[in-house]
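Okay, here's what each chain looks like letter by letter:
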Amino acid sequence: MPKNKAQGIIFGLIMSYAMAYGMEVYNVAIKEGFTLSAGGLSNMTNIVFWDALIEASYMGLFVFIVSNLYGNRFGASFAAKHCNPEKDNPYICQLLRQGATVAVMCPSMSLIASILFNVILAGNPVSQLPAIWVGTVLKNFPMAFFWNFFATAPFTHWIFGKIFRER
């Protein structure tokens, strides 16, 4: 875990971009129709990874900004109210914080994505934004939850540990 502000920024950037990339792979695959074909996501092609990388290049910045403005704080606050690492298993407290952060970040990032991709770029009317946003949250939350718990967080902790080895 980060020991100072600079390490916190690096940790946050790794987490933000890893999260954004995984979510963009998922959303690009859906947008390109792979979930509608026989075999579903198993029929993805490599172009999905490239297209997702392009979108993640700027969505990762949104994730970093939103998580630093309020996402991480709300997640930490919720976890602190429900779990004490001195009394409870610290790993369970970490998982609770992750889940609470996803519960804040997913609706926030879904709103940003809905505005950017559906209203601005696709030209849907702003009056449809509430329905578009709810649909986007329903689509993205399960992926965000499991991607965070089983891919992004372990990857970020692993790579951060390689960069900042404790002596």
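Residues numbered from 1 in each chain as written. Predicted model: local features only at pLDDT ≥ 70, side-chain atom pairs only at ≥ 80, totals over all residues. Heavy atoms only, no water.

Some words on a nonpolar patch on the surface
On the surface, Leu 111, Ile 115, Ile 120, Leu 121, Trp 133, Val 134 and Leu 138 cluster together into a nonpolar patch covering about 650 Å² of accessible area. In this structure, Ile 115 sits in helix α3 (residues 90-121). Here Ile 115 falls in the partly exposed class, since its relative accessible area comes to 33%. (Patch = residues over 30% accessible without salt bridge, like charges linked within 9 Å, V, L, I, M, F, W, Y side chains within 5 Å. Areas by Shrake-Rupley, 256 points an atom, 1.4 Å probe, with all protein chains shown as cover. Salt bridge = Lys/Arg side-chain N within 4 Å of Asp/Glu carboxyl O. Helix = DSSP H or I, 4+ residues; strand = E, 2+ residues; numbered from the N terminus. Buried < 20%, exposed > 50% of the residue type's maximum accessible area, 1.4 Å probe, protein only.)

Some details on the packing of aromatic side chains
Two descriptors summarise a pair of aromatic rings, namely the distance from one centre to the other and the angle between the planes of the rings. Taken as a whole, this structure holds eight aromatic pairs when the rule is applied. A centroid spacing of 5.3 Å and a plane angle of 85° characterise the contact between Phe 11 and Phe 160, whose relative ring orientation is edge-to-face. Taken as a pair, Phe 11 in helix α1 (residues 5-31) and Phe 160 in helix α4 (residues 129-163) lie far apart in primary sequence, 149 residues in all. The exposure classification of Phe 11 matches that of Phe 160, with both residues buried. Judged by centre distance (5.7 Å) and plane angle (50°), the ring pair of Tyr 70 and Phe 74 falls under tilted. Taken together, the positions of Tyr 70 and Phe 74, both in helix α2 (residues 47-82) and four residues apart, correspond to about one turn of that helix. With a relative accessible area of 49%, Phe 74 lands in the partly exposed category. Three or more aromatic residues link up through ring pairs in this structure, and these residues are Phe 141, Phe 145, Phe 146, Phe 149 and Phe 150. (Phe/Tyr/Trp six-rings, centres within 6.5 Å; stacked < 30°, edge-to-face > 60°.)

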